4 protein chains.
Amino acid sequence: MYDADDDQSHVSAPQALTSSSKEKLRQFVARIETLETEKSELAEQLKEVYGEAKSLGFDTKALRAVIRLRKQDANDRAEAEMMLDLYLEAVGEI
Amino acid sequence: MYDADDDQSHVSAPQALTSSSKEKLRQFVARIETLETEKSELAEQLKEVYGEAKSLGFDTKALRAVIRLRKQDANDRAEAEMMLDLYLEAVGEI
Amino acid sequence: MYDADDDQSHVSAPQALTSSSKEKLRQFVARIETLETEKSELAEQLKEVYGEAKSLGFDTKALRAVIRLRKQDANDRAEAEMMLDLYLEAVGEI
Amino acid sequence: MYDADDDQSHVSAPQALTSSSKEKLRQFVARIETLETEKSELAEQLKEVYGEAKSLGFDTKALRAVIRLRKQDANDRAEAEMMLDLYLEAVGEI
DNA sequence: CACGGCGTACATCGCC
DNA sequence: GGCGATGTACGCCGTG
């Protein structure tokens, strides 16, 4: 996208961004980078937690498996709910 | 995990976890799940931001490229900084 | 799905599938699962081939790029062919 | 990878491939392209099957959900098996 | 240090 | 034709 303000044509000719578009773009970049920074920090903390568990003698592989299973269960429940809705709709109950 | 409290041996005898170990395990699981939830929320917000940018006509693929490049630049700068420090230290400037 | 045999109405009344429909459904599921199994096996074999190439010292990323480019070329050639046919037909040469 | 026969150094200097390496490369490309062709054909057939089901009045969305669920169940069983092994190993039973 | 697993990003496809 | 979902590929990290 070359100019979010101007472009009504969908042509691919390069054109400069308006200053308004540039400003919006800057803001998007800033918001994204903030969120990614926070996300990286959480990832960092997760690593630390696993490291701490490991240093206390826990098997991180098994620990990760537990986490994965619990998540999977949650997903399964959500999926089951979805399927129920789908079936109810299929038999005209919605 | 054999038992973070008991096991100093790494032998293969089956043994249950002590209640203390179980409690620690529960806490680790809780901490991890909290962090992962927050991480997912940030991921969600990132998707929303990209979606908003897209709805305003910005090319998200290009936007992602911008983010990636800036990140790379930051890494490069950090690395250069590290090298500089290393050299300064090597010549006794620190 | 209301009933592939019966339903001409698209009304929302709940109704069970006829046994004939159920049988068809089973067959569809079976055919799909067979095809997906075969597809997974091919995917598996592809992984093995890439693994073998890697173990012989080839850069799999470059190898993948080669495959991608050749595929693109093939697509381009097919498209050119189609255009040619279209033009030939347009000038009454077919 | 610049030469699968010669390169013991892992340096990144560009160098020509030996004819032996080139030949191997050609064979890998051929094998990969064969497998990918077959995979695409299966994908094509899958599309046809779903299309046929749809034309007979079946709800493909529900059909896909069924397939997904059955696959998920299989995965769950495999995962459960893995967890069992993991736990058995953790208590020294392997 | 090389490998495999995991999470993420891209592309494709079916649907609307 | 845009959008959402799904399958595939890449990069990163932890591990042996």
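As a reminder, the structure under discussion sits directly above these lines.
Draft legend 1. Region of interest: the relation of the copies chain D and chain C. The transformation that overlays chain D on chain C combines an axial shift of 0.4 Å with a rotation of 178 degrees, and the residual RMSD is 1.1 Å. Both chain copies can therefore be described as sitting about a two-fold axis. Taking the C-alpha atom as reference, chain D places Lys39 of chain D closest to the rotation axis, 2.9 Å from it. Most of the interface of chain D is mirrored in chain C, where 97% of its interface residues again form contacts.

Draft legend 2. Region of interest: helix α1 (residues 19-55) of chain A. Here α1 of chain A spans 53 Å end to end across 37 residues, near enough to the 54 Å set by a 1.5 Å rise per residue. Turning to α1 of chain A, its buried residues number three or more, namely Ser21, Phe28, Val29, Ile32, Leu35, Leu42, Leu46, Val49, Tyr50 and Ala53 of chain A. Buried positions along α1 of chain A lie against α2 (60-90) of chain A together with α1 (19-55) and α2 (60-90) of chain B. Gly57 of chain A sits one or two residues past α1 of chain A and shows a positive phi near 100 degrees.

Draft legend 3. Expanded view of the protein's contact with DNA strand E. For DNA strand E, the set of nearby residues contains 12 residues, the closest of which are Lys61, Arg64 and Arg68 of chain B together with Lys47 and Thr60 of chain D. Within 4 Å of the protein, the contacting atoms of DNA strand E are drawn from sugar and phosphate to the extent of 100%. Contacts to DNA strand E include Arg68 of chain B, whose side-chain N or O atom sits 3.2 Å from a phosphate oxygen. The separation between a phosphate oxygen of DNA strand E and a polar side-chain atom of Lys47 of chain D is 3.5 Å. If you list the elements that add at least two residues to the surface near DNA strand E, you get α2 of chain B together with α1 (19-55) and α2 (60-90) of chain D. For the surface near DNA strand E, the element with the most residues is α2 of chain B, which contributes 3 residues. Along the lines of polarity and charge, the residues of the surface near DNA strand E split into no nonpolar, 2 polar and 10 charged.

Draft legend 4. The protein's contact with DNA strand F, seen in detail. Taken together, the neighbourhood of DNA strand F is formed by 11 residues, with Lys47 and Thr60 of chain A together with Lys61, Arg64 and Arg68 of chain C sitting nearest. Here DNA strand F approaches the protein such that, of its atoms within 4 Å, sugar and phosphate make up 100%. At 3.1 Å, a side-chain N or O of Thr60 of chain A approaches a phosphate oxygen of DNA strand F. If you tally residues by element for the surface near DNA strand F, the top one is helix α2 (residues 60-90) of chain C, at 3 residues. Here the surface near DNA strand F is built from residues that sort into no nonpolar, 2 polar and 9 charged.

Draft legend 5. Representation of α2 of chain C in the model. All names here are of chain C. Between its terminal C-alpha atoms α2 stretches 45 Å, which fits the 45 Å expected from 31 residues at 1.5 Å a residue. Looking at where α2 begins, the residue whose side-chain oxygen comes 2.9 Å from the main-chain nitrogen of Lys61 is Asp59. Directly after α2, the chain includes Gly92, whose backbone phi takes a positive value near 75 degrees.

Draft legend 6. Structural view of the packing of α2 of chain A against α1 of chain B. Where α2 of chain A meets α1 of chain B, the closest approach of the two axes is 11 Å, and the angle between their N-to-C directions is 60 degrees. In terms of axis orientation, α2 of chain A runs oblique to α1 of chain B. As α2 of chain A runs across α1 of chain B, the sense of the crossing is right-handed. Of α1 of chain B, the residues touching α2 of chain A (which contributes Leu63, Val66, Ile67, Arg70 and Lys71 of chain A) are Leu25, Val29, Ile32, Glu33 and Glu36 of chain B. Of the residues belonging to the contact of α2 of chain A with α1 of chain B, the class tally is 6 nonpolar, no polar and 4 charged.

Draft legend 7. Inspection of a nonpolar patch on the surface at higher detail. The grouping of Leu84, Leu88, Val91 and Ile94 of chain B at the surface amounts to a nonpolar patch, some 400 Å² of accessible area in total. Residue placement: Leu88 of chain B occurs in helix α2.

Draft legend 8. Quick peek at the pattern of salt bridges. Tallying each qualifying case throughout the model produces 14 salt bridges over all chains. Here Arg31 of chain C ties to Glu52 of chain D by a salt bridge, and the two come within 3.1 Å at their closest N and O atoms. One end of the pair, Arg31 of chain C, is in helix α1 (residues 19-55); the other, Glu52 of chain D, is in helix α1, on a second chain. The partly exposed category is assigned to Arg31 of chain C, whose relative accessible area is 37%. Residue classification places Glu52 of chain D among the partly exposed residues on the basis of a relative accessible area of 34%. The partner of Glu33 of chain C in a salt bridge is Arg70 of chain D, with the nearest N and O atoms 2.6 Å apart. In this pair, Glu33 of chain C sits in helix α1 while Arg70 of chain D sits in helix α2, so the two residues belong to two different chains. According to the relative accessible area criterion, Arg70 of chain D is partly exposed, its value standing at 44%.

Cut-offs applied
- Within each chain, residue numbers correspond to sequence positions counted from 1 in written order.
- The naming scheme follows written order: chains are lettered A onward, ligands numbered 1 onward.
- With the structure being a predicted model, the display of local features is reserved for residues of pLDDT at least 70 and the display and counting of side-chain atom pairs for 80 or more, all residues being used for whole-chain, interface and lining totals.
- The side-chain numbers reported here are obtained from all heavy atoms of the structure, hydrogens and water having been left aside.
- We superpose the copies by least squares over the C-alpha atoms of residues that have a pLDDT of at least 70 in both of them.
- By the convention used here, residues are in contact when the closest approach between their heavy atoms is within 4.5 Å.
- In DSSP terms, a helix is any run of H or I states spanning at least four residues, a strand is any run of E spanning at least two, and both are numbered starting from the N terminus.
- By definition here, a helix of n residues has an expected span of 1.5 Å times n minus one.
- Only protein chains enter the area calculation, which uses a 1.4 Å probe; residues under 20% of their type maximum are buried, those over 50% are exposed, and those in between are partly exposed.
- Only heavy atoms are used to decide nearness, and a residue is near a molecule or strand if one of them lies within 4 Å of it.
- In protein, a polar contact requires one atom able to donate a hydrogen and another able to accept it; more generally it is a pair of N or O atoms within 3.5 Å, and residues adjacent in sequence count only if both atoms are side-chain atoms.
- Residue type decides the class: Asp, Glu, Lys and Arg count as charged, Ala, Val, Leu, Ile, Met, Phe, Trp, Tyr, Cys and Pro as nonpolar, and the leftover types, Gly among them, as polar.
- Note on method: axes are straight lines fitted to C-alpha atoms, helices fitted across the in-contact stretch only, with angles between N-to-C directions ranging 0 to 180 degrees.
- Under this scheme an angle from 65 to 115 degrees is roughly perpendicular, one under 35 degrees roughly parallel, and one over 145 degrees roughly antiparallel; angles in between are oblique.
- By definition, turning the near helix anticlockwise from the far helix through less than a right angle yields a left-handed crossing, and turning it clockwise yields a right-handed one.
- Patches draw on residues past 30% relative accessible area with no salt bridge. Two like charges within 9 Å are joined, as are two nonpolar side chains (Val, Leu, Ile, Met, Phe, Trp, Tyr) within 5 Å.
- Per-residue and other accessible areas follow the Shrake-Rupley method at a 1.4 Å probe size, with only the shown protein chains counted as cover for residues.
- We define a salt bridge as a side-chain nitrogen of Lys or Arg found within 4 Å of a carboxyl oxygen belonging to Asp or Glu.

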